[in-house]
Amino acid sequence: MLAYLNGQILPRAAATIPVEDRGFIFGDGVYEVWRVVNGQLFELDRHLARLVYGLSELRIAAPEFATRDGILTVAEKLLSGSGLETGEGTVYVQITRGSAPRTHAFPPEGTPPTVYATVNRFVPPEEARARGVSVVTVPDLRWMRCNIKTLQLLPNVLAKQEASERSSMEALLVRDGVVTEGSHTNCIGVIDGVLRTHPLTNLILPGVTRAVVLELARELGIPVSELAFNESEISDLDELFLAGTTSDVMPIVRVNDQTIGDGVPGPISLRLAAALRARIDSDCAAPPYLTSVSTTA
């Protein structure tokens with residue numbers, strides 16, 4: 001697989017950064033992940049907008065790379081050079097504040113950011129979707145700006161590890177009794193036919209898949225309430241599912257030791273999963289983006 005690093009395309013194993021890069025030292029940066037189908041980036045603009053927003057909030061000067069043409073040009077080179085022009089994959093992009101002598105304050109103005117991107121093959125987890133997955137609840141120990149997709153993911157890592165050790169796919173994070181989201185997904189419940197999910201505040205990431213799923217639900221006439229549910233209300237849920245770039249809509253059939261609904265993926269979850277798959281296939285069936293993208297990286 002190939003990687004892009006500060007203007008160069010090179011084998012991923014050859015991509016290196018200085019030990020004083022602020023992403024390595026402080027987790028001082030942001031990242032983004034796009035789903036790719038047959039060379040097409042799904043929801044390109046929404047992911048890009050979130051990336052640019054994160055850079056702005058962290059006061060990192062957006063590099064020329066962080067534009068529509070910049071992302072597409074690099075993605076095309078990485079995908080084609082890595083043999084991923086067909087099938088499914090992901091594009092990962094990470095931008096840090098750059099490399100400078102270690103000090104907590106920002107480095108001098110003009111310090112160039114570090115820009116890294118790479119690609120991977122992806123296989124949708126259809127078997128897990130068909131049977132539904134188990135999750136666990138853990139305390140939400142993250143900082144108060146969860147709406148920025150930063151590199152500071154240690155609480156998420158610990159939550160995901162606890163889920164893994166408890167033979168579960170994901171961890172649902174709970175803050176003051178309220179279910180916020182998953183360690184790397186958003187979480188949506190169904191009560192009496194109504195979707196319930198945490199509103200967009202500083203306490204959750206504004207998930208792109210979450211936004212698409214809520215749009216699809218409204219198009220299908222499924223009521224949506226952006227009202228969080230408490231951990232104590234999990235027993236009242238008829239259905240529960242995750243939403244994420246690599247999870248799509250993933251039905252949850254068990255939380256801790258508690259069965260959700262009938263213990264199988266529910267009808268609304270499956271309907272939304274099918275609608276999302278159709279949206280991905282439709283949006284990624286457009287003519288190759290290469291025809292409208294400049295050839296300069």
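Just so you know, these numbers come straight off a predicted model, no measurement behind them.

**Describing the sheet that holds strand β1 (residues 2-5)**
Here is step 1: The sheet built from six strands is open, its strands ordered β2-β1-β6-β5-β3-β4 with antiparallel pairing. Lying at the two open borders of the sheet, with one neighbouring strand each, are β2 (8-11) and β4 (40-41).
Here is step 2: Relative to β2, β1 runs antiparallel, the two being bridged by four bridges. For leucine 2, the partnering residue across the bridge sits in β2 and is proline 11.
Here is step 3: Strand contacts of helix α3 (residues 68-81): β1, β2, β3 (29-37), β4, β5 (88-96) and β6 (114-121), with the helix running at about 150° to β1, the strand carrying the most contacts.

**Points about the confidence of the model for the chain**
Here is step 1: Taken residue by residue, the chain gives an average pLDDT of 95. The fraction at 70 or more is 96%.
Here is step 2: Note that pLDDT drops below 50 for residues 289-297; the model gives that stretch 20 contacts with residues more than four away or on any other chain.

**A closer look at a nonpolar patch on the surface**
Here is step 1: Taken together, the side chains of Ile17, Val19 and Phe24 define a hydrophobic patch exposed on the protein surface, amounting to about 330 Å² of accessible area.
Here is step 2: Considering the arrangement of structural elements, one finds isoleucine 17 in the loop between β2 and α1 (22-26).
Here is step 3: According to the relative accessible area criterion, isoleucine 17 is partly exposed, its value standing at 42%.

**Some details on the environment of glutamate 57**
Here is step 1: Looking at the secondary structure, you find glutamate 57 in helix α2 (residues 44-57).
Here is step 2: What makes glutamate 57 partly exposed here is its relative accessible area of 34%.
Here is step 3: It is 36 Å that separates the C-alpha atoms of glutamate 57 and isoleucine 268, two residues lying 211 residues apart in sequence.
Here is step 4: In this structure glutamate 57 touches Arg145 and Ile148, once residues within four positions along its chain are discounted.
Here is step 5: In terms of polar contacts, glutamate 57 uses its side chain to reach the side chain of arginine 145, at 2.9 Å.

**Some remarks on the packing of α2 against helix α6 (residues 208-219)**
Here is step 1: Running from N to C, α2 and α6 cross one another at 135°; their axes reach a closest spacing of 10 Å. Considering their axes alone, α2 and α6 lie oblique with respect to each other. Between α2 and α6 lies a crossing of right-handed hand. Contact residues: α2 offers Arg46, His47 and Arg50, while α6 offers Val208, Ala211, Val212 and Glu215.

**Overview of the environment of cysteine 187**
Here is step 1: Tracing the sequence through the fold places cysteine 187 in strand β10 (residues 186-191).
Here is step 2: Separated by 98 residues in sequence, cysteine 187 and glycine 89 place their C-alpha atoms 23 Å apart.
Here is step 3: Setting aside chain neighbours within four positions, we find cysteine 187 in contact with Leu172, Val179, Glu181, Arg196, Thr197, Phe229, Leu240 and Phe241.

Analysis parameters
Residues numbered from 1 in each chain as written. Predicted model: local features only at pLDDT ≥ 70, side-chain atom pairs only at ≥ 80, totals over all residues. Heavy atoms only, no water. Pairing = 2+ DSSP bridges. Helix = DSSP H or I, 4+ residues; strand = E, 2+ residues; numbered from the N terminus. Contact = heavy atoms within 4.5 Å. Axes fitted to C-alpha atoms, helices over the stretch in contact; angles between N-to-C directions. pLDDT = per-residue confidence, 0-100. Patch = residues over 30% accessible without salt bridge, like charges linked within 9 Å, V, L, I, M, F, W, Y side chains within 5 Å. Areas by Shrake-Rupley, 256 points an atom, 1.4 Å probe, with all protein chains shown as cover. Salt bridge = Lys/Arg side-chain N within 4 Å of Asp/Glu carboxyl O. Buried < 20%, exposed > 50% of the residue type's maximum accessible area, 1.4 Å probe, protein only. Polar contact = N/O pair within 3.5 Å; in protein donor to acceptor, adjacent residues only side chain to side chain. Parallel < 35°, antiparallel > 145°, perpendicular 65-115°, else oblique. Left-handed = near helix turned anticlockwise from the far one by under 90°.

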